[in-house]
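Summary of structural features
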Amino acid sequence: MGKLVLKGIAVGCAVMSCVIAGVMVGRRVRSRRRWWNVVTTVEEFEETAETTVERLRQVVDAMVVEMHAGLASEGGSKLKMLLTFVEKLPDGSENGIYYALHVGGTNFRILRIQLGGQRSILAHDVERKPIPQILMSSTSEEFFDFIALSLKEFIERKGDNMQLSQDRGKDLGFTFSFPVKQTSVSSGTLIKWTKGFAIEDMVEKDIVECLQKALSIRGLDMNVAALVNDSVGTLAVGHFLDNDTVAAVVIGTGTNACYIERADAVIKCQGLLTTSGGMVINMEWGNFWSSHLPRTSYDIDLDAESQNPNDQGFEKMISGMYLGDIVRRVIHRLSLESDVFGPLSSKLSTRFVLSTPLMAAIHEDDSSDLSQVAKILEETLDIRDVPLKVRKIMVKVCDVVTRRAARLVAAGIVGILKKISRDGTGGISSGRIKGYKSGKMRRTVVAVEGGLYTSYTIFREYLNEAVAEILGEEIAPYVILKTMEDGSGIGAAMLAAANSARSVDTVQVL
Ligand code: ADP
Ligand code: MG
């Protein structure tokens, strides 16, 4: 009896251990399966977002086709290809003191520069201030009075520091980064507000007239000599510093590009007469779209939930406003599919909770235990104590999103170069100097501005690398991307100089 009981207990124990072992193996298998789900989802994402050089070349060609269509007729393409009436770009010979105002970036900016000829900037003063929320949906009078008063105070504060002579320093460039129907280099009407502004009585009004009126009410005798958007400002400063600059790209919160086009290529404006034969075209390229863009389910969801569905498709894949949110969407999906990120955090359902600078900090964490990643996961997303392999997944997702964005911008840039025959693919006429001994390429500079490019090192490196990859090693050395810190504001002041009523020289853009 006693023996039997002992035997029974032994058998019982053996069965229990088998059960426990079985449960543990089962858990391990399940956990492995969950891990496998995560790996598979990330791999699928990477595959759909892939930007092989072949695919990038398709995007280049699509960009060229859309540029042609946008130049052929109004509404001919998602690319608006707006005329800027800028046909005189600064060339470095400008002299004197000029002012600029910049509305439409993160902050309102007021600038003053002193130019000394020979491409020199003798002095550069800038002041940033936020626009009070209430003014963003007030009346045009109130809004422009705030701008005029801010400028007046700036001049009063800084006025003593520079030798402000009687007849100089009264020209003003205005960078206004909203969609504008330009009617001359110094006039244009607002098409619509974006970025949270809603001053209804401004729509379809002439922006320069409103500013000019506000300035004179405040007793400022200044002449608004140029109305531009930020990409045109960037092109201007690029051209001031280097005459080989033919295009400019802005990649900050949003994105845009402009370039110098031949006047006769602007079919939609037949008989467009310019003294130089060329004009800067504002592409509004954030709205570019092509079926060749590697779009994922996360992009589709982001677009559907955005304030402007079916709009700004390119921008939603490449600009600082959105990159962090694409990453957030992928992590949300991974958290729904598995518990490797711990219990599902409600933060993951909050749009824009992961900003692009935080995403960059995750991506650029070079500590061996990815401690920065752990900190951001905890502080921003309420995700705690995840193992190293999960932190590595975070970094991987950021890498896929940023690499795709940077490479698509590169394709866009090469698209512009191809449109103006500076990409080396069209033989002798394609960027090669006419009449020069065959085979000699022309140097081509593209000015680049914006926080994503200037502050996110890996993004910048991917972009530069992809431009070289698409162009090929023979052509790539002739194409130079130049960073323009704060270019858009300074550029507007320089355009005011080049287009000032007092400027005697005409500067050819081509
Ligand atoms: P804006 O676009 O408002 O004119 P910026 O050109 O300075 O201003 O760009 C700001 C944008 O750049 C931010 O919204 C952000 O998306 C991005 N950005 C700024 N700093 C970083 C950074 N360190 N890493 C990644 N992105 C950044
Ligand atoms: Mg900006």
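It should be noted that the structure appears before, not after, this text.
These lines cover the structure that appears in this document, whether it is placed above or below. Because the structure is predicted, anything quoted here is derived from the model rather than measured.

**Some points on the overall build of the protein**
Within the protein, the regular secondary structure consists of 14 helices and 13 strands. By the burial criterion, 53% of the 510 residues in the protein qualify as buried. Counting contacts in the protein only where the partners sit at least 6 residues apart, residues at least 24 apart contribute 72% of the total. Surface exposure of the protein reaches about 22,700 Å², of which carbon and sulfur atoms provide 53%.

**A closer look at the site of ligand 1**
Lining the immediate environment of ligand 1, one finds 13 residues, of which Thr 106, Thr 253, Gly 320, Gly 450 and Gly 451 sit closest. With respect to ligand 1, the backbone of Gly 320 contributes an N or O atom lying 3.3 Å from an oxygen atom. Notes on ligand 1: free accessible area 560 Å², of which the protein chains cover 72%. When contributions to the shell around ligand 1 are tallied by element, the ones reaching two or more residues are α9 (356-363) and α12 (451-455).

**Section: the sheet that holds strand β3 (residues 108-116)**
Spatially, five strands are ordered β4-β3-β2-β5-β8 in an open sheet, and the strand pairing comes out mixed. Unpaired on one side and paired on the other, β4 (121-129) and β8 (223-228) mark the two borders of the sheet. Sheet twist, expressed as the mean angle between neighbouring strand axes with direction ignored, is 20°. Where strand β2 (residues 95-103) and strand β5 (residues 171-176) come together, five bridges link them in parallel fashion.

**Here we look at the packing of helix α6 (residues 297-304) against helix α8 (residues 323-337)**
Here α6 crosses α8 at 115°, and the two axes come no closer than 10 Å. The handedness of the crossing between α6 and α8 is right-handed. Between α6 and α8, the contacting residues are Ser 297, Tyr 298, Asp 299, Asp 301 and Leu 302 on the first element and Asp 325, Ile 326, Arg 329, Val 330 and Arg 333 on the second. Counted by class, the contact of α6 with α8 contains four nonpolar, one polar and five charged residues.

**Focus on the packing of aromatic side chains**
Throughout the structure, instances matching the rule amount to 17 aromatic pairs. Centre to centre, the rings of Phe 178 and Phe 197 are 5.1 Å apart; their planes meet at 75°, and the pair counts as edge-to-face. Within this pair, whereas Phe 178 is found in the loop between β5 and β6 (180-184), its partner Phe 197 is found in the loop between β7 (187-190) and α4 (207-217), the two being separated by 19 residues in sequence. What makes Phe 178 buried here is its relative accessible area of 3%. Feature note: the residues Phe 143, Phe 144, Phe 174, Phe 176, Phe 178, Trp 193 and Phe 197 constitute an aromatic cluster, connected by ring pairs. For Lys 389, the ring lying beneath its charged end belongs to Trp 35, and the centroid distance is 4.2 Å.

**Considerations on helix α3 (residues 140-158)**
Here α3 contains 19 residues, and its C-alpha end-to-end distance of 27 Å stays within 8% of the 27 Å for a straight helix at 1.5 Å per residue. For α3, the set of buried residues is Ser 140, Phe 143, Phe 144, Phe 146, Ile 147, Ala 148, Ser 150, Leu 151, Phe 154, Ile 155 and Lys 158. For α3, the secondary structure elements touched by its buried residues are β2, β3, β4, β5 and α4.

**Quick word on the sheet that holds strand β13 (residues 479-483)**
Taken in spatial order, the six strands make up an open sheet running β1-β11-β10-β9-β12-β13, and their pairing is mixed. Each edge of the open sheet carries a strand with a single partner, namely β1 (82-83) and β13. Taken together, the two bridges between β1 and strand β11 (residues 278-282) define a ladder with antiparallel strand orientation. Its bridge partner lying in β11, Leu 82 is registered against Asn 282.

**What to know about the pattern of salt bridges**
Across all of its chains, the model carries 26 salt bridges by this definition. For Asp 311, the salt bridge goes to Lys 192, with nearest N and O atoms at 3.8 Å. Of this pair, Asp 311 sits in the loop between α6 and α7 (313-318) while Lys 192 sits in the loop between β7 and α4, placing them 119 residues apart in sequence. Between Asp 382 and Arg 384 there is a salt bridge, with its nearest N and O atoms 2.8 Å apart. Connected via shared salt-bridge partners are Asp 242, Asp 244, Arg 443 and Lys 482.

**Digging into the pairing of strand β10 (residues 255-262)**
Counting buried residues in β10 gives seven out of eight residues, a clear majority hidden from the surface. Bridging between strand β9 (residues 245-251) and β10 involves five bridges; their strand directions are antiparallel. When the bridges of β10 are listed, Ala 248 appears paired with Cys 258. Across five bridges, the pairing between β10 and β11 is antiparallel. Considered in β11, the bridge of Glu 261 is made with Met 279.

**Considering the environment of Gly 104**
Tracing the sequence through the fold places Gly 104 in the loop between β2 and β3. Judged by relative accessible area, which is 11%, Gly 104 ranks as buried. Here the alpha-carbon distance between Gly 104 and Asn 229, two residues 125 residues apart in the chain, equals 8.9 Å. Those residues within four positions of Gly 104 in sequence are excluded, and the remaining contacts are Ser 177, Phe 178 and Lys 195.

**As for the environment of Val 224**
Mapped onto the secondary structure, Val 224 falls in strand β8. Its relative accessible area of 4% is what places Val 224 among the buried residues. A sequence separation of 275 residues divides Val 224 from Asn 499, and the C-alpha atoms of the two residues are 9.9 Å apart. If we ignore the near neighbours within four places in the chain, the residues touching Val 224 are Leu 172, Phe 174, Ser 186, Val 208, Leu 211, Gln 212 and Leu 215.

Parameters at a glance
- Residues numbered from 1 in each chain as written.
- Chains lettered and ligands numbered in written order.
- Predicted model: local features only at pLDDT ≥ 70, side-chain atom pairs only at ≥ 80, totals over all residues.
- Heavy atoms only, no water.
- Helix = DSSP H or I, 4+ residues; strand = E, 2+ residues; numbered from the N terminus.
- Buried < 20%, exposed > 50% of the residue type's maximum accessible area, 1.4 Å probe, protein only.
- Contact = heavy atoms within 4.5 Å.
- Areas by Shrake-Rupley, 256 points an atom, 1.4 Å probe, with all protein chains shown as cover.
- Near = heavy atom within 4 Å.
- Polar contact = N/O pair within 3.5 Å; in protein donor to acceptor, adjacent residues only side chain to side chain.
- Pairing = 2+ DSSP bridges.
- Axes fitted to C-alpha atoms, helices over the stretch in contact; angles between N-to-C directions.
- Left-handed = near helix turned anticlockwise from the far one by under 90°.
- Nonpolar A, V, L, I, M, F, W, Y, C, P; charged D, E, K, R; others polar.
- Phe/Tyr/Trp six-rings, centres within 6.5 Å; stacked < 30°, edge-to-face > 60°.
- Lys NZ or Arg CZ within 6 Å of the ring centre and 35° of its normal.
- Expected span 1.5 Å × (residues − 1).
- Salt bridge = Lys/Arg side-chain N within 4 Å of Asp/Glu carboxyl O.

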